[in-house]
Amino acid sequence: LQMLNPTAEQLEAKLSSTNADIVGVTTSTLTYWPAVEVVKAAKKVLPDALTLVGGPHVTALPEQTLNEAPEVDVVVRGEGERTLLELANLINEKNNKDFSKVDGISYRKQEKIVHNNNRAFIENLDELPHPALHHFNLQNYQMNGINYLPIITSRGCPFECTFCLASSMCGTRFRTRSPTKVLDELEWMRDVHHADVFALYDDTFTFDKKRANAICDEMKKRKFDLPWDCRTRVDQITTEILAKLRNSNCQLIHFGVETGNQKMLDAMKKHTTVEKNAWAIKLAKEAGISVAISVVVGYPGETPEMLKETFDFIKKTKPDFVYVCQAIPYPGTELLEILKNLN
């Protein structure tokens, strides 16, 4: 709905037509207020529906969300699959709204805000079903007429980059789906939803190199040859794994380089080096894989001279794509706390 940018009347009509018992919206910080507008519209036309919001912004700020958005009934913190299922089962039980035993939520009870216990992370990701893509008009997500669909094959990030919320949302322990389940979903998206290209949206796809190898082996075994791309860190690749990726038709790899200045890398807690970043770009390109990098500008303490080092690094290493990102202190990140403590 948000992507289609409907008018208020169109949004209300669409929501009303669902006659839904639960309306849930996921949101980042950038989409928070539009998400609240969706919830407001839902409450207007479906006053008895339970309204939920989830995602990184509200996970970091559940109390603030409930205080400033009275139309929101429940904030779902962290991973939401099992939480939502429990809430749906409660609503199905004669509209039971006793949420006291549902982990991972914040809600109002007699005008007070209650924060239930955090929910344990899902251990067996293979239990999760395929995403409900049939509810989406996938033509709206095409790029130049190509169906480019995402898949997430793991959760959890053991690293501690100061500007990132990955570990807050999904924990620091790397949890994975099996290669068999990954290929089952890839084939399903190809055969049922006519995907042409895939994006493996794991934060660090090659963190477990044995599993990454096994996924590539499963692709070859099933003769799955559609192009795909992935995201990983410069310190989580080898010549061998890059060759394996390329042989399985990985055509693009994304690295979070962030800066060409070592002092800034250390401040961001990247635990990499400028030299390692350059080495990884060179290694991937030599393997025949295109390279996209992200860089962060405006990080606290960065000087014009440091910024010049970043752009000199880009000119020297010649990545195929560069994403220039502004340093934004999102709620829940260490970067926000760093800025709060600045004198």
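Everything that follows concerns the structure shown earlier in this document.
In this report, the structure presented in the accompanying data block is examined. Only a predicted model underlies this, so the values are computations on that prediction, with no experimental measurement involved.

### Here we look at the environment of Phe-255
Next up, step 1: For Phe-255, the position within the fold is in strand S11 (residues 250–258).
Next up, step 2: The spacing of Phe-255 and Val-322 is 67 residues in sequence and 9.8 Å in space, taken between C-alpha atoms.
Next up, step 3: If we ignore the near neighbours within four places in the chain, the residues touching Phe-255 are Thr-232, Arg-233, Val-234, Ile-237, Ala-280, Ile-281, Ala-284, Val-291, Ala-292, Ile-293 and Ser-294.

### Quick notes on helix H9 (residues 239–247)
An α-helical turn contains 3.6 residues, so a residue and the one three or four places further along point in the same direction.
Next up, step 1: The complete set of buried residues in H9 reads Ile-241, Leu-242 and Leu-245. Down the axis of H9, the buried set is contained in an arc of 100°. They therefore lie on one face. H9 presents Glu-240 and Asn-247 as exposed residues on the side facing more than 90 degrees away from its buried surface.
Next up, step 2: Buried residues in H9 make contact with helix H8 (209–221), strand S10 (228–232), S11 and helix H11 (274–286).
Next up, step 3: Within two residues after H9, Asn-249 carries a phi angle of roughly 75°, on the positive side.

### Looking at the sheet that holds strand S13 (residues 321–326)
To summarise the sheet geometry, strands pair through backbone hydrogen bonds and adopt either a parallel or an antiparallel arrangement.
Next up, step 1: Read across the open sheet, the six strands follow the order S6-S9-S10-S11-S12-S13; overall the sheet is parallel. Because the sheet does not close on itself, it has two edges, and the strands there are strand S6 (148–151) and S13. Across this sheet, the average inter-strand angle for adjacent strands is 20°, counted without regard to direction.
Next up, step 2: Pairing analysis gives six bridges linking S11 to strand S12 (residues 290–297), with the strands arranged parallel. Bridging across to S12, Phe-255 finds its partner in Ile-293.
Next up, step 3: The sheet contacts of H11 involve S11 and S12, and relative to S11 the element is tilted by about 175°.

### A closer look at the nonpolar core
Next up, step 1: Core analysis: the biggest nonpolar cluster contains 42 residues, and Leu-186, Met-189, Phe-198, Trp-228, Leu-245, Ile-253 and Phe-255 have the highest contact counts within it.
Next up, step 2: Setting aside residues no more than four positions away along its own chain, Met-189 makes contact with Leu-133, Leu-149, Pro-150, Ile-151, His-194, Ala-195 and Phe-198.

### Side note on the pattern of salt bridges
Next up, step 1: Under the definition given, this model contains 24 salt bridges.
Next up, step 2: In this structure, Glu-86 engages Arg-119 in a salt bridge whose closest nitrogen and oxygen atoms are separated by 3.1 Å. Of the two residues, Glu-86 sits in helix H5 (residues 81–92) while Arg-119 sits in the loop between strand S5 (112–115) and S6, which places them 33 residues apart along the sequence.
Next up, step 3: Classification of Glu-86 by relative accessible area gives partly exposed; the value is 31%.
Next up, step 4: Notably, a salt bridge pairs Glu-187 with Arg-222, separated by 2.9 Å at the nearest N-O pair. With Glu-187 in helix H7 (residues 179–191) and Arg-222 in the loop between H8 and S10, the pair connects residues that are 35 residues apart, well separated along the chain.
Next up, step 5: Judged by relative accessible area, Arg-222 falls into the partly exposed class, the value being 22%.
Next up, step 6: In the salt-bridge network here, residues are joined through shared partners; they are Glu-79, Glu-81, Arg-155 and Arg-175.

### Regarding the packing of aromatic side chains
Next up, step 1: According to the stated counting rule, one finds seven aromatic pairs in the structure shown.
Next up, step 2: Here the aromatic rings of Phe-198 and Phe-224 are separated by 5.5 Å at their centres, their planes lie at 45°, and the arrangement is tilted. Of the two residues, Phe-198 is situated in strand S9 (residues 197–200) and Phe-224 in the loop between H8 and S10; the sequence distance between them amounts to 26 residues. Note on accessibility: Phe-198 and Phe-224 belong to one class, buried.
Next up, step 3: By way of ring pairs, the aromatic residues Phe-159, Phe-174 and Phe-207 are connected into one cluster.
Next up, step 4: Seen from the ring of Tyr-201, Arg-231 lies directly overhead, with NZ or CZ sitting 4.0 Å from the centre.

What counts, and at which threshold
Residues numbered from 1 in each chain as written. Predicted model: local features only at pLDDT ≥ 70, side-chain atom pairs only at ≥ 80, totals over all residues. Heavy atoms only, no water. Helix = DSSP H or I, 4+ residues; strand = E, 2+ residues; numbered from the N terminus. Contact = heavy atoms within 4.5 Å. Buried < 20%, exposed > 50% of the residue type's maximum accessible area, 1.4 Å probe, protein only. Arc of directions from axis to C-beta. Pairing = 2+ DSSP bridges. Axes fitted to C-alpha atoms, helices over the stretch in contact; angles between N-to-C directions. Core = buried A, V, L, I, M, F, W, Y, C linked by side-chain atoms within 4.5 Å. Salt bridge = Lys/Arg side-chain N within 4 Å of Asp/Glu carboxyl O. Phe/Tyr/Trp six-rings, centres within 6.5 Å; stacked < 30°, edge-to-face > 60°. Lys NZ or Arg CZ within 6 Å of the ring centre and 35° of its normal.

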